[in-house]
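# Descriptive analysis of the structure
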Amino acid sequence: MLETAPGSDSPCSHPASVYVVIVNWNAWAHTLTCLESLSRLHTLAARVVVCDNGSTDGSVERIIAWARGGLDALPADGPLRSLSHPPVPKPISHRLLRENEPYGQDQPPRLTLIQGSENRGFGAGCNLGIRYAMAHPDCRAIWLLNNDTVVHADALDALLRRLDEPNMGLCGSTLLHYDAPTRIQCQGGARFYRAASLSRLIGKDRPLQHALPARQVERMLDHLYGASMLVSRGFIEQAGPLPEGYFLYYEEMDWTLRGGEGWRLGYAADSLVYHRKGASAGTGTRASRSARASYQLGHSRLRFTRLHNPSILPVVYVLLLMEALLQALRGQGSQSRAVFRALTGTQADATCGEEAPERRTSAWRSHPWSKPTTTDDHDAAKR
């Protein structure tokens, strides 16, 4: 369904080169605020693709109502209000696609909403939009952006300036805390510590005026932070879509490894993105992390280790066991039980039918971008 009402912005005559992919799951209010901020981008040739992961809260209907001009987004709070208020003129040209509906290669509208049938995780949700974008020859890059963010109007331009550099495959932003916008959440991404299979965010909780220099950040980067990540078409053609076996966490590190060593990781310090950390996934600090997030983090940590560094798997088991015991002692019973479930669930399914990462990467590279992936396609990629 494509709607372009009289007086609205009809599909732009110039070719779009960047597709912004956002995953929504039962969080339409955050998504609308994010969309309002994206409508203020200085990058005119940007298309937005919202991938709904089987929401049950009426998200699809509300996002369509917003695009038609029948529903306003709640503006961001405090000093960030101007990033999403006042509302931009509506209606906005938009299209609704079902998950397995053929895309076609006609010129896309400003907003495409892809309705997934169920929540299969962050990677699978992103891949709905990645496949759609890659099916269009004009797509030069894809900006993966969390729905619980608002962005500065120059955020995408700053990313694109860095992506234009030779061999730049992925580029990250300066993530700032939504409720403390002068405090850094993350500079671009994280360092990865192989001995424990854990990442540490770069620049975390520094005041913005004391941010680390960009060159120092890039020397430290092992993977980007998926809340804001601009990815080149060439990288995706080589690495394939995001791995879908994690559900949540560790997808970015796995994806970086699949891309190979020929790609640079960049950091655009002037790309400012304000993130409500944990708003949609129940993450946050170790003390406030939900049981669901604790389970997914433990499960993904074990999965990644098994695939990429199996020699330290016993160490990771012990570290997770200690974490679960400490949570129990602190009275965090639900989180402790969740980590135990991750330990026993992964141990009970130690192989999961997985092949070596390099074989899976080879299978992903032959992915047919021009059509949605079917169950048979997924099975073939695993064989």
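The following paragraphs examine the structure supplied in this document. In this text the structure is predicted, and so the values were computed from the model without any measurement.

### Describing the environment of leucine 221
Mapped onto the elements, leucine 221 comes out in the loop between α5 (214-220) and β12 (223-224). Each C-alpha atom of the pair leucine 221 and glycine 172 lies 10.0 Å from the other, and the pair is 49 residues apart in sequence. Look past the residues within four positions of leucine 221 in its chain and what remains in contact with it is Gln187, Gly188, Gly189, Ala190, Ile202, Leu265, Gly266 and Tyr267.

### Remarks on the pattern of salt bridges
In this structure the tally under the stated criterion is 12 salt bridges. Glutamate 36 is the salt-bridge partner of lysine 90, the closest N and O atoms lying 2.7 Å from each other. Residue lysine 90 is found in the loop between α2 (59-68) and β4 (94-98), and its partner glutamate 36 is found in helix α1 (residues 28-38); the two are separated by 54 residues along the sequence. Judged by its relative accessible area of 23%, lysine 90 is partly exposed. Residues aspartate 254 and arginine 258 are paired through a salt bridge, measuring 2.7 Å at the closest nitrogen-oxygen approach. Of this pair, aspartate 254 and arginine 258 both sit in helix α7 (residues 251-259), 4 residues apart, which is roughly one turn of the helix. Of the two residues, aspartate 254 and arginine 258, both sit in the buried class.

### Comments concerning the sheet that holds strand β11 (residues 198-201)
The 3 strands are arranged β11-β10-β12 in an open sheet whose pairing can be described as antiparallel. Pairing within the sheet leaves two strands with one partner each, and these edge strands are β11 and β12. Both strand β10 (residues 189-193) and β12 contribute to a ladder of 2 bridges, which runs antiparallel. Opposite glycine 189, over in β12, you have leucine 224 as the bridge partner.

### Here's the deal with the pairing of strand β8 (residues 168-177)
Among the 10 residues that make up β8, 10 are buried, leaving the element largely enclosed by the rest of the structure. Across 8 bridges, the pairing between β8 and strand β14 (residues 264-275) is parallel. If you follow threonine 174 over to β14, its bridge partner there is leucine 272. Direction of pairing for β8 relative to strand β9 (residues 180-187): antiparallel, over a ladder of 4 bridges. Across the sheet, leucine 175 pairs through a bridge with cysteine 186, a residue of β9. Taking the residues that link successive antiparallel strands as the turn, the β8-β9 hairpin has 2 residues.

### Points about α7
Of all 9 residues in α7, 8 are buried; the element is thus mostly enclosed. Those residues of α7 lying buried are Glu251, Glu252, Met253, Asp254, Trp255, Thr256, Arg258 and Gly259. At the exit of α7 stands glycine 260, carrying a positive phi of roughly 90 degrees.

Definitions and limits used
- Throughout, a residue's number is its position along its own chain's written sequence, starting from 1.
- Note on the predicted model: pLDDT of at least 70 is required for a residue's local features to be given, and 80 or more for side-chain atom pairs to be given and counted; whole-chain, interface and lining totals, by contrast, use all residues.
- Excluding hydrogens and water, the side-chain figures rest on all heavy atoms present in the structure.
- Under the DSSP-based scheme used, a helix requires at least four consecutive residues in state H or I and a strand at least two consecutive residues in state E, with every element numbered from the N terminus.
- In what follows, residue pairs with any heavy atoms lying within 4.5 Å of each other are defined as contacts.
- The working definition used for a salt bridge is a side-chain nitrogen of Lys or Arg within 4 Å of a carboxyl oxygen of Asp or Glu.
- Between buried and exposed lies partly exposed: a residue is buried under 20% and exposed over 50% of the maximum accessible area for its type, with that area taken using a 1.4 Å probe on protein chains only.
- Strand pairing is assigned whenever DSSP identifies at least 2 bridges connecting the two strands.

From the geometry alone we can't say anything about function, so treat these as descriptive.
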